[in-house]
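The chain contents come next:
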Amino acid sequence: YSTDTAMPTKKELLDRIQAKADKIRAEEDEQQVDWAARREWWIKQVSDLFDHLIQLLEPVTHAGNISAERISIELSEEQLGQYKIDQLSFKIGHKKVVLKPVASVIFGGVGRIDLAAPRGSARLILASPDGADARDYMTNAKWHVTAPGRAQPLEVMDDEIFLEMFSELIDLRSH
């Protein structure tokens, strides 16, 4: 320390430490997550998505060209613990598209499902829209589509985007 600068007083130093401690505590309190509620929310998001996709493809499943099957799998995440969640498979002849939940606690989102198919793979990422408060994920998160290695931003998934991706993954798209 230089002698030409006034040293902070003991009280000033304690005030700085207290202010920093208050800030750290407030940030930690803000980040408290009810992991049991998060796990149940995540399982419901996946189930609702799968219900929607089965309904979306119902015209072709009804015709007998595609079959849908949900099976229960077990996942384990550090924060969420071990839990059961559905995996969804669509089968077209010998071809299969599998939608497998990977995790809820991910970087850049609040859930990820990997799609594996004969002609490639894709990912569904559950995330808050750009500019939205990520802490409000339970009310504002939407499903987005991406491919492994694809840069952000993600594209919000709608029915047409899903069907286009699905047809590409099973190589049914007309050329």
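Residues numbered from 1 in each chain as written. Predicted model: local features only at pLDDT ≥ 70, side-chain atom pairs only at ≥ 80, totals over all residues. Heavy atoms only, no water.

A. Representation of the overall build of the protein within the structure. Within the protein one finds 5 helices and 7 strands. In the protein, buried positions account for 31% of the 175 residues. Partitioning the contacts of the protein with sequence separation of at least 6, the portion at a separation of at least 24 is 45%. (Helix = DSSP H or I, 4+ residues; strand = E, 2+ residues; numbered from the N terminus. Buried < 20%, exposed > 50% of the residue type's maximum accessible area, 1.4 Å probe, protein only. Contact = heavy atoms within 4.5 Å.)

B. Expanded view of the sheet that holds strand 2 (residues 81–92). What the 7 strands build is an open sheet, ordered 1-2-3-4-5-6-7; its pairing is antiparallel. Looking at the sheet topology across the chains shown, the edges are occupied by strand 1 (67–77) and strand 7 (155–156). Taken together, the 7 bridges between strand 4 (residues 111–117) and strand 5 (residues 120–127) define a ladder with antiparallel strand orientation. When the sheet's bridge partners are listed, Ala 116 is paired in strand 5 with Ser 121. The sheet strands contacting helix 2 (residues 35–56) are strand 1, strand 2, strand 3 (95–103), strand 4, strand 5 and strand 6 (142–146), and the helix crosses strand 2 at an angle near 10 degrees. Each of strand 2, strand 3, strand 4, strand 5, strand 6 and strand 7 touches helix 5 (residues 159–169); the most contacted strand, strand 5, lies at about 155 degrees to it. (Pairing = 2+ DSSP bridges. Axes fitted to C-alpha atoms, helices over the stretch in contact; angles between N-to-C directions.)

C. Structural detail: the pairing of strand 1. As judged from the 11 bridges shared by strand 1 and strand 2, these two strands associate in the antiparallel manner. Bridge pairing in strand 2 places Leu 75 opposite Tyr 83. Taking the residues that link successive antiparallel strands as the turn, the strand 1-strand 2 hairpin has 3 residues.

D. Structural view of the nonpolar core. Core analysis: the biggest nonpolar cluster contains 36 residues, and Trp 42, Leu 99, Ile 113, Leu 115, Leu 124 and Phe 162 have the highest contact counts within it. At the level of secondary structure, the elements contributing two or more residues to this core comprise helix 2, strand 1, strand 2, strand 3, strand 4, strand 5, strand 6 and helix 5. Counting residues per element, this core draws most heavily on helix 2, which supplies 7 residues. (Core = buried A, V, L, I, M, F, W, Y, C linked by side-chain atoms within 4.5 Å.)

E. Spotlight on helix 5. Taken together, the buried positions of helix 5 are occupied by Phe 162, Met 165, Phe 166, Ser 167 and Leu 169. Those residues of helix 5 that are buried lie in contact with helix 2, strand 2, strand 3, strand 4, strand 5 and strand 6. Where helix 5 begins, one side-chain oxygen reaches toward the backbone nitrogen of Glu 160, 3.2 Å away; that side chain belongs to Asp 158. Trailing helix 5 by a residue or two, Asp 171 shows a phi angle of about 60 degrees, which is positive. (Polar contact = N/O pair within 3.5 Å; in protein donor to acceptor, adjacent residues only side chain to side chain.)

F. A look at helix 2. For helix 2, which comprises 22 residues, the first-to-last C-alpha distance of 31 Å matches the rise-based estimate of 32 Å (1.5 Å per residue) to within 8%. Listed as buried for helix 2 are Arg 38, Trp 41, Trp 42, Gln 45, Val 46, Leu 49, Phe 50, Leu 53 and Leu 56. Each buried residue of helix 2 lies within a common arc of 165 degrees when the element is viewed along its axis, so the set occupies one face. (Expected span 1.5 Å × (residues − 1). Arc of directions from axis to C-beta.)

G. Up close: the packing of aromatic side chains. Under the counting rule described, the total for this entry stands at 4 aromatic pairs. When the ring of Trp 41 is compared with that of Tyr 137, the centres are 5.0 Å apart and the planes differ by 75 degrees; the resulting orientation is edge-to-face. Taken as a pair, Trp 41 in helix 2 and Tyr 137 in helix 4 (residues 137–140) lie far apart in primary sequence, 96 residues in all. The class of Tyr 137 is buried, set by a relative accessible area of 12%. (Phe/Tyr/Trp six-rings, centres within 6.5 Å; stacked < 30°, edge-to-face > 60°.)

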